[in-house]
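# Coordinate analysis (summary)
Below, each chain spelled out in residue letters.
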Amino acid sequence: MRRHTTRSPAVVRNLGILAHVDAGKTTLTERVLYATGATYKRGEVHDGTTVTDFDAQERDRGITIFAAAVSCEWAGHRINLIDTPGHVDFSDEVERSLRVLDGAVAVFDGVAGVEPQSESVWRRADRHGVPRVAFVNKLDRAGADLDTAVASIRDRLRVTPLVAQLPIGREHAFTGVVDLPRMRALTWDRDVLREGPVPDDLLDEARRRRRLLEEAVAELHPGALEEFCARPEISAGTLQTALRDLTRSGDGVVVLCGSAYRNRGVEPLLDAVVAYLPSPLDVPPVRGTHAGAEQERAADPEAPLAALAFKVSSTATGRLTFLRLYAGTLRKGDTVLDAGAERTERVARILRVQADRHTEVDRAVAGDIVAVAGPKAARPGATLCAREAPLLLEPPSATEPVVSVA
Ligand code: GDP
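What counts as what
Residues numbered from 1 in each chain as written. Predicted model: local features only at pLDDT ≥ 70, side-chain atom pairs only at ≥ 80, totals over all residues. Heavy atoms only, no water. UniProt positions renumbered as here; feature names shortened; annotations may be inferred. Helix = DSSP H or I, 4+ residues; strand = E, 2+ residues; numbered from the N terminus. Buried < 20%, exposed > 50% of the residue type's maximum accessible area, 1.4 Å probe, protein only. Contact = heavy atoms within 4.5 Å. Areas by Shrake-Rupley, 256 points an atom, 1.4 Å probe, with all protein chains shown as cover. Salt bridge = Lys/Arg side-chain N within 4 Å of Asp/Glu carboxyl O. Near = heavy atom within 4 Å. Polar contact = N/O pair within 3.5 Å; in protein donor to acceptor, adjacent residues only side chain to side chain. Pairing = 2+ DSSP bridges. Axes fitted to C-alpha atoms, helices over the stretch in contact; angles between N-to-C directions. Phe/Tyr/Trp six-rings, centres within 6.5 Å; stacked < 30°, edge-to-face > 60°. Lys NZ or Arg CZ within 6 Å of the ring centre and 35° of its normal. pLDDT = per-residue confidence, 0-100.

The name given to the protein in an unreviewed UniProt entry is Elongation factor G, with Nonomuraea ferruginea as the source organism. The record held by UniProt for the protein lists under Subcellular location (unreviewed entry) the comment "Cytoplasm".

This is how it looks when you write it as structure tokens:
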């Protein structure tokens, strides 16, 4: 069995995909796993074979109820994709999945734009301070229009859209996008991405849109403003740095577009996730309590362990507890403290859950998301921490279900 090497927290992205039901979250998730090579068998939503939709109850209802975390690799980074239930019920689970994310892709329907439920999901992510990039999906559909969707993002979500792509072709003739920071055309022929110069007939429009992007960025970012005033145009490098800073501060949202169903736009979206969304080192240290006093713990592999159990599943592999490690290093065979229950638990195995398999690893470090086998009683919401340095990340709850079946 292949053992994955431990990754520095800097190259980890703990990512959620947030969406209104039907906006295309499942399709996009499946395409991300396909693009990252995590799955080779291509599932489709309508035949019920998509890899994150494996829960029978979920399949029956056609909605995503239970969170699953799946790891994949993109451009030297590990992306831990945390499924965030979009349904209004199950709010403890929704809140906790938002808590363990460091960043998210918000998916909008290119025909409907911002819908009431996408607004409530957006506000929830605001409350958790989750930096986001927006993906306007379904641009291949009749009636889809990026500009209308962008206007609804500005008006309904009251955030400054930083539109970083210009679609090439409309509706069924949608074939690709112009990447405005780099002024390159990205087109898809079946599943193959091609990069080339901006087509002549789109050049004027692409230049105009790039200027609009520069103006929007310069208004919000001092470094970009300096270059905007001093030079004929802002360089691609400065634009990308500014877009990263504005994403992380929440002062603006980068807007990308595509068609998940037709597999167009997924690779640039993954590039944006890596470039703009924060790593576990870029977010504030986790806070918890011990003996009535608040404490912080940094995302340092050398610090004492602090991990939050955010899902417990009964699987074919047995009972698995999904953990977000905030601090320290967890090694196979470790005995850890369940801080709320004041009980110790042994971690017999550590697993990295991928789309089509589980890979056993010897250890996991701060910032990562893994599943562990061994703890028999840990509930969702439990803190597992170093015995010699207790920390409670969430007050214990008596009402939550212990195990979900997946
Ligand atoms: P979810 O409820 O957000 O998970 O949405 P799904 O991924 O299940 O998609 C809802 C429906 O929209 C399904 O019938 C998909 O095939 C369809 N769909 C998803 N993405 C696209 C797209 O880019 N274009 C078109 N035309 N349909 C899409």
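That shown, we press on.
## Considerations on the overall build of the protein
Counting its secondary structure elements, the protein contains nine helices and 24 strands. Put simply, the protein has 406 residues, and 57% of those count as buried. If you take every contact in the protein between residues at least 6 apart in sequence, the share linking residues at least 24 apart comes to 68%. Here the protein displays about 17,000 Å² of accessible surface, and carbon together with sulfur accounts for 50% of that area.

## Re the pattern of salt bridges
Two side chains carrying opposite charge are able to pair once their charged atoms lie near each other. Scanning the entire structure with this criterion turns up 35 salt bridges. Taking the shortest distance from any N to any O, the salt bridge between D102 and R324 comes out at 3.0 Å. Of this pair, D102 sits in the loop between α3 (91-100) and β4 (103-109) while R324 sits in strand β15 (residues 318-327); the two residues are 222 residues apart in sequence, bridging distant segments of the chain. For R324, a relative accessible area of 2% translates into the label buried. The residue R182 makes a salt bridge to E195 at a minimum N-O spacing of 3.1 Å. With R182 in the loop between β8 (176-179) and β9 (184-189) and E195 in strand β10 (residues 192-196), the pair connects residues that are 13 residues apart, well separated along the chain.

## Regarding the site of the ligand
Close to the ligand lie 16 residues; D22, K25, T26, T27 and D140 are nearest. In the environment of the ligand, an oxygen atom lies 2.6 Å from a nitrogen or oxygen atom belonging to the side chain of T27. The contact in question runs from a nitrogen atom of the ligand to an N or O atom on the side chain of D140, over 2.7 Å. When the ligand sits alone it has 580 Å² of accessible area, and the protein chains cover 80% of it. Per-element tally for the shell around the ligand: the top contributor is helix α1 (residues 25-35), with three residues.

## Concerning the sheet that holds strand β2 (residues 69-74)
Spatial strand order, β2-β3-β1-β4-β5-β11-β6: seven strands in an open sheet with mixed pairing. Lying at the two open borders of the sheet, with one neighbouring strand each, are β2 and β6 (160-163). On average, each strand axis in the sheet is inclined to that of its neighbour by 30 degrees, with strand direction left out of account. The pairing of strand β5 (residues 132-137) with strand β11 (residues 252-257) spans three bridges and is classified as parallel. From the neighbouring strand, V136 faces β11, where its bridge partner is C257.

## Digging into the packing of aromatic side chains
Throughout the structure, instances matching the rule amount to two aromatic pairs. Centre to centre, the rings of F108 and W122 are 6.2 Å apart; their planes meet at 45 degrees, and the pair counts as tilted. Taken as a pair, F108 in strand β4 and W122 in helix α4 (residues 116-127) lie far apart in primary sequence, 14 residues in all. The pair F108 / W122 is uniform in exposure class, with both members buried. A cation over an aromatic ring shows up here: R132 above the ring of W122, its NZ or CZ 4.2 Å from the ring centre.

## Side note on the confidence of the model for the protein
Of the residues in the protein, 86% have a pLDDT of 70 or more, and the chain-wide mean is 88. Confidence over residues 40-49 falls short of pLDDT 50; this stretch has 23 contacts with residues more than four positions distant or in other chains. Every residue in residues 51-67 scores below 50 in pLDDT, and together they form 45 contacts with partners more than four places removed in sequence or on other chains. Confidence estimates for the predicted assembly give a pTM of 0.91 and an ipTM of 0.99.

## A word on the side chain of R132
Looking at where R132 falls in the secondary structure, it is placed in strand β5. Among the polar contacts made by the side chain of R132, one reaches the main-chain carbonyl oxygen of W122 at a distance of 3.1 Å. A polar contact of 2.7 Å, which involves the side chain of R132, links it to the side chain of D126. What R132 contacts, discounting residues up to four positions off in sequence, is L18, A104, W122, A125, D126, T247, V253 and L277.

## A short note on the pairing of strand β12 (residues 286-290)
Bridging between β12 and strand β13 (residues 293-297) involves five bridges; their strand directions are antiparallel. Bridge assignment links G288 to a residue of β13, and that residue is Q295. Taking the residues between adjacent antiparallel strands as the criterion, β12 and β13 are bridged by two residues, where A291 takes a positive phi near 50 degrees.

## Examining the pairing of β8
Along β8, one buried face is formed by G176 and V178 and the opposite face, lined by V177 and D179, is buried too. Bridge count for strand β7 (residues 165-168) against β8 is four bridges, and the pairing is antiparallel. For P167, the partnering residue across the bridge sits in β8 and is V177. Pairing geometry for β8 and β9, over four bridges, is antiparallel. Bridge pairing links V177 to L186 in β9. Turn length for the β8-β9 hairpin, with the two strands adjacent in sequence and antiparallel, is four residues, and the turn residue M183 shows positive phi of about 50 degrees.

## Observations concerning the environment of A382
Within the secondary structure layout, A382 lies in the loop between β22 (369-373) and β23 (383-385). Judged by its relative accessible area of 10%, A382 is buried. Residue contacts for A382: discarding those within four places in its chain leaves A307, L308, A309 and D338.

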